[in-house]
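Descriptive structure summary
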Amino acid sequence: MTFIKEILVELEKLAPLPYQEDYDNAGLLVGSPDTEVAGILFTLDITEEVVDEAIRKHCNLIVAHHPIIFKGLKKLNGKNYIERTVMKAIKNDIALYATHTNLDHVVGGVNSQIARRLGLQNVRILAPKKQILTKLAFFCPVENTQNVLEALFEAGAGEIGEYRNCSFRSEGLGTFLPGENANPVTGTRGKLETAEEHRVEVMLPSHLQAQVLSALRRAHPYEEVAYYMSALENENQDVGAGAIGELPEAMDTAGFLTHLKDKMDASVIRYTEPTDRKIRRVAVCGGAGSFLLRNAISAGADAYVTADYKYHEFFDAERRIIICDIGHYESEVFTKNLLHEYISGKFSNFALCLSEISTNPVRYFS
C-alpha cells in the first residue's frame, strides 16, 4: 500500500514547499495524507471537469501546478467554480495537491521543462534566490568527524550545485570543564580537559535546519554539542526564478518563432520587433514573467519566452531583446508531463494518469 503522504514526500524533494512565494498556497489543499492512493491524475489546473475525469479514471489524488484554493474560502455553497470544484472533490474523497511557485523555483521544475522542450543547453537559473542558505559550524573529536559528517550529508547538508558531501575542517585543541551534573564521554567532572578536535563547516538549505541539527545531535558523541548557525547572503544557484540556456545553433527570428510555436504547441505568439542579431541565448519563465526582463537582458539573452505581457510592457524590450509571449497555459501545460514522469520513476503500484482535458480558459479566433 502507498499513502498520499509518501507521494508528498517525493514531490517535496523535487520542489520543497519553503521555496514557494509568500503569497502562494502550494501543498495538500484537500484530503488526508493518511489516505491510501488508488491512482493519481496530473493536471495544470483543477476544475470540475478534471475532478470528473479523476472519478472516471479511479484516481483519488489530483496533482496540479495551479492551486484551486488561492485566497481564503469563507464559505462552501457552490457559488463559483472554485467552491464547486472543492465540494465535488470532498464529496468523492479526492485529495487535491498543488506544487506551484516552489516548482517554478527549482532546477528540474517548470522552467527546466520549457528549456528541455526548446532544446536549450547549459541551462541555469536566471535569477537565483538569496538568503535561503545557512552555514553550520561545529566542533567534534577528530576520530568522530567523518561519522558525524555522513549523518549531516544524509540529512541534506553539504550540497553545492552539482557537488555533494561538501565540507571544510580544520584541526585544533578544544577545552572543557565538566560540571558536577555532567556526564562527559571523555574527561572527569571538575577537571579541565583538552581534546584534539575538528572545527567543521557545512552549508545547507535554511529550511533543513531542524533536521540537520537533529542529525548532528544524534551522531555527535558529546553530551553537549558546540555549534553555531549563520544565515548566508549567498545566492543559491539551484533555486530561483526563470532559466537561461543556449540553442545548439543560432536561428533567425522567423526560424526561432517557428521552432518555439512547434515545441510549445502555441496557437499564437505575441512578440516584439526583432533585433539585429540572431537568436542563440534564450531566457524562459513559465507563467507571468515580465518581472524578469531585466535579468534576461543582463544575462545577454537574445529572446525571452514567457507569458501574460501587458501592452505597455512590450515597449521595455527597446530592441535589446525579443519578448515572446506564448500564453500562460501554453508556457506551463507541460508541467503535468514533468510531474507524471517524476512520480512514475518513484512508484508503479497504482495508476498514474495525465489529464486529457484542456483547462485553458483562453480561446483564439483566426
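Residues numbered from 1 in each chain as written. Predicted model: local features only at pLDDT ≥ 70, side-chain atom pairs only at ≥ 80, totals over all residues. Heavy atoms only, no water.

It is worth spelling out the pattern of salt bridges at this point. Counted under the stated rule, the structure contains 18 salt bridges. Measuring nitrogen to oxygen at the nearest pair gives 3.1 Å for the salt bridge that ties Arg-84 to Glu-48. Taken as a pair, Arg-84 in helix H3 (residues 81–91) and Glu-48 in helix H2 (residues 48–56) lie far apart in primary sequence, 36 residues in all. The partner of Arg-319 in a salt bridge is Asp-276, and the shortest N-O contact between them spans 3.1 Å. With Arg-319 in the loop between strand E13 (303–307) and strand E14 (322–325) and Asp-276 in the loop between strand E11 (270–271) and strand E12 (279–288), this residue pair connects regions lying 43 residues apart in the sequence. Each of Glu-10, Lys-13 and Lys-346 takes part in one network of salt bridges that share partners. (Salt bridge = Lys/Arg side-chain N within 4 Å of Asp/Glu carboxyl O. Helix = DSSP H or I, 4+ residues; strand = E, 2+ residues; numbered from the N terminus.)

Counting residues in hydrophobic clusters, the biggest one holds 25 residues, and the most contacted among them are Ile-7 and Ile-40. Broken down by secondary-structure element, the contributors of at least two residues to this core are helix H1 (4–14), strand E2 (39–43), strand E3 (61–64), strand E4 (95–98) and helix H11 (335–344). Among the elements that take part in this core, H1 stands out by supplying five residues, more than any other. Every residue in contact with Ile-7, bar those within four places of it in the chain, is listed here: Thr-2, Val-37, Ile-40, Leu-61, Ile-343, Phe-347 and Phe-350. (Core = buried A, V, L, I, M, F, W, Y, C linked by side-chain atoms within 4.5 Å. Buried < 20%, exposed > 50% of the residue type's maximum accessible area, 1.4 Å probe, protein only. Contact = heavy atoms within 4.5 Å.)

Turning to the sheet that holds strand E7 (residues 168–176), a few remarks are in order. Read across the sheet, four strands follow the order E7-E8-E6-E9 without closing on themselves; strand pairing throughout is antiparallel. The open sheet has two edge strands, E7 and strand E9 (227–232), and neither has a second partner. Going from strand to strand, the sheet's axes swing by 25° on average, the running direction of each strand aside. Where strand E6 (residues 133–141) and E9 come together, six bridges link them in antiparallel fashion. Within E9, the residue paired with Leu-133 across the bridge is Leu-232. (Pairing = 2+ DSSP bridges. Axes fitted to C-alpha atoms, helices over the stretch in contact; angles between N-to-C directions.)

We now examine a nonpolar patch on the surface. A cluster of nonpolar side chains, Leu-73, Leu-76, Met-87 and Ile-90, forms an exposed patch at the surface whose accessible area comes to about 320 Å². By relative accessible area, which is 34% here, Leu-73 ends up partly exposed. (Patch = residues over 30% accessible without salt bridge, like charges linked within 9 Å, V, L, I, M, F, W, Y side chains within 5 Å. Areas by Shrake-Rupley, 256 points an atom, 1.4 Å probe, with all protein chains shown as cover.)

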